[in-house]
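# Observations on chain architecture
Residue-level listing of the chains:
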Amino acid sequence: EIFQAVVSCVGCDGTIYIIPKSLEAELSKLMIEIQSDFKCLGLLEPYCWKKGEACVVRGSDTMWYRGKVVALGGSTFQVQYIDRGCIERIPPCHLYPTTLYTGIPPFCIPCQLYKTVPIGNFWQQDAVDCLQELLTNEEVEIHVQELPDNPWGKLSVNLYFGGMSLSSFMAYKKFCVAEDCQDIVQLVRFLHEGDIPVLPSYTLPPLPVPGDTFPVRVTHLVSPKEVYICLDPSKNLMKQSTTEGGASGDSELVSLDEALKWCNKSVESLPFLTHFQTEMPCLVEYQDGLWYRAKLLSVEEFDPVKILVQFVDYGSFAVVPTGRLRHIPYHLLKYPVQAVRALLAGFKPALYDKNVERIPYSPEWSVEALWAMMECVEGKQLSASILALSPEVTISLYEDNENPVHTKLIEMGLADLDV
C-alpha cells in the first residue's frame, strides 16, 4: 500500500509517527468535538492516576488533545498525545480523566524503516536530531512493507521525502545500514566528467499552442526585447512521483518547490563540484542562503576560480565561487525548467534614442529603455501569445488591460513600432 502522510512526531527512540492525509478531516472533526466537550481548566481536585489511563491533556497551545498516561511520579506525569505520538511531562492540573473517546483508534501510526538497522542497533542522538529536523510536520510518501505482529506495534515502511528514500539518505549519512538500499545509487548519482556521454540535462516545459493567450510572469530581463518568462507553475512544475516496481496508479504529484525544500534540508550531504562543463546542471547557493537549480556557462575568473551560472527556474545569471556549487541529485532533473527564454515582438530600438548610456552586451538599447521595461513587467501578472517557436520562441506580451507592454517605451521615445 502507498499513501501520503504528515509526520507528526519523531520519538526519542527514532519511532516515526505519521498521520495519513486521508484521515486529516476526521481528526479535525474530533478535535472540534473535544474542544466543545471540555471547556474546563483541568482536574484540580486530587485524583489517583493509573499508568495507561486515558485522558485529555491541555497542550501549550491551550487546545485539548487525547492522551494516555505512560509513567507516574513526582509533580509531573509522562503523557503521550495518542493522535500525535509525542510524549511530554505534564502537571496533573493540565489533565482530565475520560473514557469518552477510547472507542476511536489513534490517528497517528508508529513506523520504523524497513530492513534498516541503526548503527549500534539503536538510533543515536545525532541521528534522532537529524530525523526530527528533516521530517517533523512534513508531508511524506509511505510504502507499507510489513504489518506489525500486534495492533500496537510499528508499521515497517519505506519512507520517501521529496522523491528521496529516507533509509538511503540515513545510510548515506552513516547513521544506519539499509539492507535494501538500491536507490542510494540515484541519491548519490552525481554528474562526474566520466558521465558526459549520458549527461542528463534540464527539459523545457510544454509550451501553449501558437495563437493561444496564457498567463505569464517575467522572471528576468536581458534587454527590453529578450526576457525569461514563467508559465502557470501549477501546470509545469509537477512530476509523477513513481517508484520502481509499479504502483503507478497510487503515484502522487510532488512539486518542484517541495523537492527543493527537502534538498535544502539535506544539502550538506551533496558534494561540491570539482569538474566543470558548459551547460552542466548543478545546485547554486543564492544570496538568501538557499540552493537553487542552475547550469554552468563559463569560467569567469581564475584566481580564485569563479563560474558564470544561470538559474534555470528564473533565467537570471550570477558569478559565484566554486564553494557555492554542488552536485544536483538526479531526481531534480526530472522537472522542466520554470523560466523560458523569449523574444518580444512588436517593437525595436528607437532610431533616435538620445540616451548615451547603453547596455554593454546589447548596445542597440539604452539603459533607460531597460529600466522602463522593468517597471512595465516587474512583479506583474501578464498575458502572452506565442507567435513563433523557431528559430526562437517569439511572443506578444500584454498587460492586464490587453495593452502591449512596450506601449510605454514607444511613448517615451525609447523604442519604435516594428510592424
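Report follows, based on the coordinates. All of these numbers come straight from a predicted model, not from anything done at the bench.

Look at the link from S390 to P391: it is a cis peptide, with omega at 0°. Secondary-structure assignment places P391 in the loop between β27 (382–388) and β28 (394–398). One non-glycine residue, K174, adopts positive backbone phi at about 65°. Along the polypeptide, K174 turns up in the loop between α3 (166–172) and β13 (176–178). Its identity is not glycine, yet E279 carries a phi of approximately 75°, on the positive side. In this structure, E279 sits in the loop between α6 (256–265) and β18 (281–285). Among the residues examined, E279 registers a relative accessible area of 41% and is labelled partly exposed.

With that out of the way, let us pick up the sheet that holds β27. Judged by pairing direction, the barrel is mixed, and its five strands sit side by side in the order β14-β15-β23-β28-β27 before closing back on the first. Neighbour-to-neighbour, the strand axes of this sheet turn through a mean angle of 60°, independent of strand direction. Bridge count for β27 against β28 is five bridges, and the pairing is antiparallel. The residue of β28 that forms the bridge with I386 is I395. Contacting β14 (213–221), β23 (339–344), β27 and β28, helix α7 (residues 367–377) crosses the sheet at an angle of about 135° to β14.

Here we take up the nonpolar core. When a protein is soluble and globular, its nonpolar side chains tend to lie buried together. Counting 30 residues, the largest nonpolar core has V218, I229, M373, V377, I395, L397 and L409 as the members making the most contacts within it. In terms of residues, this core owes the most to one element, α7, which gives seven residues. Counting 29 residues, the second largest nonpolar core, distinct from the first, contains V10, W123, L155 and V157.

Strand residues, when the strand is regular, have side chains that alternate between the two faces of the sheet. Because side chains alternate across strand β21 (residues 317–321), one face comprises the buried residues A318 and V320, and the other comprises F317, V319 and P321, none of which is buried. As paired elements, strand β20 (residues 305–311) and β21 share five bridges and run antiparallel to each other. Along β21, the bridge assignment pairs Q310 with F317. The hairpin turn running from β20 into β21, its antiparallel successor, is five residues long, and G315 in that turn takes a positive phi close to 95°.

Quick look at a nonpolar patch on the surface now. A surface patch of nonpolar side chains, amounting to about 230 Å² of accessible area, comprises V117, I119 and V177. Relative to the assigned elements, V117 resides in strand β9 (residues 116–118).

One open sheet holds the five strands; their spatial order is β21-β20-β19-β18-β22, and the pairing between them is antiparallel. If you trace the sheet from one side to the other, it starts and ends with β21 and β22 (325–326), each paired once. Here five bridges tie β18 to strand β19 (residues 291–302), and the two strands are oriented antiparallel to one another. Along β19, the bridge assignment pairs V284 with Y292. Along the sheet face, α6 touches β18 and β19 and points at about 65° away from the line of β19.

Counting through the fold element by element, A350 comes out in the loop between β24 (347–349) and β25 (358–359). Considered as a pair, A350 and I410 are 60 residues apart in the sequence and their alpha carbons are 8.1 Å apart. Ignoring any residue separated from it by four or fewer positions in sequence, one finds A350 in contact with G413, L414, A415 and D416.

On to the pairing of strand β2 (residues 16–20), then. Counted residue by residue, β2 has five buried out of five residues, so it is predominantly covered. Taking every second residue as pointing to the same face, both faces of β2 are buried, with I16, I18 and P20 on one and Y17 and I19 on the other. Inspection of the sheet shows strand β1 (residues 2–10) paired to β2 by five bridges, in the antiparallel sense. For V7, the partnering residue across the bridge sits in β2 and is I18. Sheet topology note: the β2/strand β8 (residues 109–113) ladder contains three bridges and is antiparallel.

Okay, the packing of aromatic side chains next. Scanning all chains against the criterion turns up 13 aromatic pairs. Over the face of the ring belonging to F347 we find K225, whose NZ or CZ atom lies 4.8 Å from the ring centre. Here the basic side chain of R326 rests over the ring of F272, its NZ or CZ set 4.0 Å away from the ring centre.

Let us look at the side chain of E141. By secondary structure assignment, the location of E141 is in strand β10 (residues 139–146). A relative accessible area of 7% places E141 in the buried class. Reaching out from E141, the side chain makes a polar contact with the side chain of H143 at a distance of 2.7 Å.

Glancing now at α7. Every buried residue of α7 is accounted for by V367, A369, L370, A372, M373, C376 and V377. Backbone geometry just after α7 places G379 at a positive phi near 70°.

So, how was this worked out
Residues numbered from 1 in each chain as written. Predicted model: local features only at pLDDT ≥ 70, side-chain atom pairs only at ≥ 80, totals over all residues. Heavy atoms only, no water. Helix = DSSP H or I, 4+ residues; strand = E, 2+ residues; numbered from the N terminus. Buried < 20%, exposed > 50% of the residue type's maximum accessible area, 1.4 Å probe, protein only. Pairing = 2+ DSSP bridges. Axes fitted to C-alpha atoms, helices over the stretch in contact; angles between N-to-C directions. Contact = heavy atoms within 4.5 Å. Core = buried A, V, L, I, M, F, W, Y, C linked by side-chain atoms within 4.5 Å. Patch = residues over 30% accessible without salt bridge, like charges linked within 9 Å, V, L, I, M, F, W, Y side chains within 5 Å. Areas by Shrake-Rupley, 256 points an atom, 1.4 Å probe, with all protein chains shown as cover. Salt bridge = Lys/Arg side-chain N within 4 Å of Asp/Glu carboxyl O. Phe/Tyr/Trp six-rings, centres within 6.5 Å; stacked < 30°, edge-to-face > 60°. Lys NZ or Arg CZ within 6 Å of the ring centre and 35° of its normal. Polar contact = N/O pair within 3.5 Å; in protein donor to acceptor, adjacent residues only side chain to side chain.

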